[in-house]
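Working through the structure, step by step
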There are 2 protein chains.
Amino acid sequence: MAYITVSVEYGIHCLLWLVDNPQRSLSSRELAELQGVSPSFLAKILPRLEKAGIVKANEGIRGGYRLALPAEKISFLAIIDAIEGYKPLFECQEVRQRCAVFDGAPPDWAISDTCSVHKVILQAEKAMRDALATQTLAAVASRVNRITPDSFIHDVSSWMDKKIETRTIRTSKTARNKT
Amino acid sequence: MAYITVSVEYGIHCLLWLVDNPQRSLSSRELAELQGVSPSFLAKILPRLEKAGIVKANEGIRGGYRLALPAEKISFLAIIDAIEGYKPLFECQEVRQRCAVFDGAPPDWAISDTCSVHKVILQAEKAMRDALATQTLAAVASRVNRITPDSFIHDVSSWMDKKIETRTIRTSKTARNKT
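If you're wondering where the values come from, they're calculated on a predicted model, not measured in any experiment.

It is worth spelling out helix α6 (residues 116–133) of chain A at this point. Over its 18 residues, α6(A) extends 25 Å from the first C-alpha to the last, a length consistent with the 26 Å expected when each residue adds 1.5 Å. Along α6(A), the residues that are buried comprise S116(A), V117(A), H118(A), V120(A), I121(A), A124(A), E125(A), M128(A), R129(A), A131(A) and L132(A). Looking at the buried residues of α6(A), the elements they touch are α4 (76–84) of chain A together with α1 (6–20), α4 (76–84), α6 (116–133) and α7 (137–146) of chain B.

Right, let's talk about the pairing of strand β2 (residues 64–67) of chain A for a bit. All names here are of chain A. Bridging between strand β1 (residues 55–58) and β2 involves four bridges; their strand directions are antiparallel. Bridged to K56 within β2 is R66. Linkage of β1 to β2, two consecutive antiparallel strands, is achieved through a turn of five residues, within which G60 is found at a positive phi near 100 degrees.

Glancing now at the packing of helix α3 (residues 39–51) of chain A against α4(A). Residue and element names in this part refer to chain A. The geometry of α3 relative to α4 is characterised by a closest axis approach of 8 Å and an angle of 120 degrees between their N-to-C directions. One way to sum up the angle between α3 and α4 is to call them oblique. The hand of the α3/α4 crossing is right-handed. Facing α3, whose interface residues are I45, R48 and L49, α4 presents I79, A82 and I83. Classifying every residue of the contact of α3 with α4 by side-chain character gives five nonpolar, no polar and one charged.

An α-helix turns once every 3.6 residues. As a result, residues three or four positions apart point the same way. With 15 residues, helix α1 (residues 6–20) of chain A should cover 21 Å at 1.5 Å per step; its first-to-last C-alpha distance of 22 Å lies within 8% of that length. Of all the 15 residues making up α1(A), 13 are buried; the element is thus mostly covered by neighbouring parts of the structure.

One finds L49(A), L89(A), L49(B), L89(B) and L137(B) to be the most contacted residues of the largest nonpolar core, which totals 113 residues. If near-sequence neighbours (up to four positions away) are discounted, L49(B) is found in contact with G11(B), L15(B), I54(B), V55(B), I79(B), A82(B) and I83(B).

What follows is about the side chain of R96(B). Note that R96(B) resides in the loop between α4 and α5 (108–111). Of note is the side chain of R96(B), whose polar atom sits 3.4 Å from the backbone oxygen of A110(B). Only 3.5 Å separates the side chain of R96(B) from the backbone oxygen of S112(B), close enough to count as a polar contact. Discounting residues that sit within four places of it in the chain, R96(B) has contacts with H13(A), F102(B), A110(B), I111(B), S112(B), D113(B), T114(B) and C115(B).

Definitions and limits used
- Residues numbered from 1 in each chain as written.
- Chains lettered and ligands numbered in written order.
- Predicted model: local features only at pLDDT ≥ 70, side-chain atom pairs only at ≥ 80, totals over all residues.
- Heavy atoms only, no water.
- Helix = DSSP H or I, 4+ residues; strand = E, 2+ residues; numbered from the N terminus.
- Expected span 1.5 Å × (residues − 1).
- Buried < 20%, exposed > 50% of the residue type's maximum accessible area, 1.4 Å probe, protein only.
- Contact = heavy atoms within 4.5 Å.
- Pairing = 2+ DSSP bridges.
- Axes fitted to C-alpha atoms, helices over the stretch in contact; angles between N-to-C directions.
- Parallel < 35°, antiparallel > 145°, perpendicular 65-115°, else oblique.
- Left-handed = near helix turned anticlockwise from the far one by under 90°.
- Nonpolar A, V, L, I, M, F, W, Y, C, P; charged D, E, K, R; others polar.
- Core = buried A, V, L, I, M, F, W, Y, C linked by side-chain atoms within 4.5 Å.
- Polar contact = N/O pair within 3.5 Å; in protein donor to acceptor, adjacent residues only side chain to side chain.

So this is what it looks like as structure tokens:
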């Protein structure tokens, strides 16, 4: 499995639709259908984004998800951490402590501070996280919109409006449509 | 499993011993014993470093592994790529192509170029790889040595010399001691 998984891909693409449609609240099921992805899988991702304060869910027949923050304030790092939790690049097994010469009793100088190998990887992890922290949802939405024809925006708006209009009482029981 | 695995940890710690002992060739089995790690597991890692031109193996009773390059020329990125191969941070599933509005036939504007979400993650991957590329084995060995007492260096040298002196004809058949 890749370090950054398909859950992040689904989550970010959902958020991009919400950036572009602030006037509409979309359910998890509608977002899944729009993107051709598994509704049950997506239904697990949106509550994590809600818990992290990135989206909010409104109940009722016109309910669904909206962004909880301006898109300029939502970084890729915040989205990834919300969906996957903090994942270290590397889990140090402390090989340095096992040296045969220590005979099972590594001295303080060998075990204090972080292992030098681990330190290098932590620096690389920081560089990666810093790069993800500087990218906002707004910036990416803007780049996507630059290549998107007006006709497509119109078609998606119509698709969404039709879905929202044809919602039934049953689906309005919860805005999240978790199942 | 972490993105950077225990194979890399074992491999880098092996290389650090080789930096500090250029006058000795150590077998895979000796390196495993010195570090208290699995000999069969380590025996799979060293051939990858050899294939990448980072270590070389000499045959014979005094054979074993040595660095094939000056430690200043060996980057963490080269070691990681040698051991694990190039591993992308993220494998794009091209969710953007599946939009319901496309009805199974995504237009060229939607599928040409790299997905904007993927581009952001590729930038973060580059930042991580650049950080790993700037760190050399020599620099890390130097940092490790700064905290290492002379008495430990002496003990390890004695341990290695004893191992090398007591090698049998059987183990000399291959310098790598793969099994």
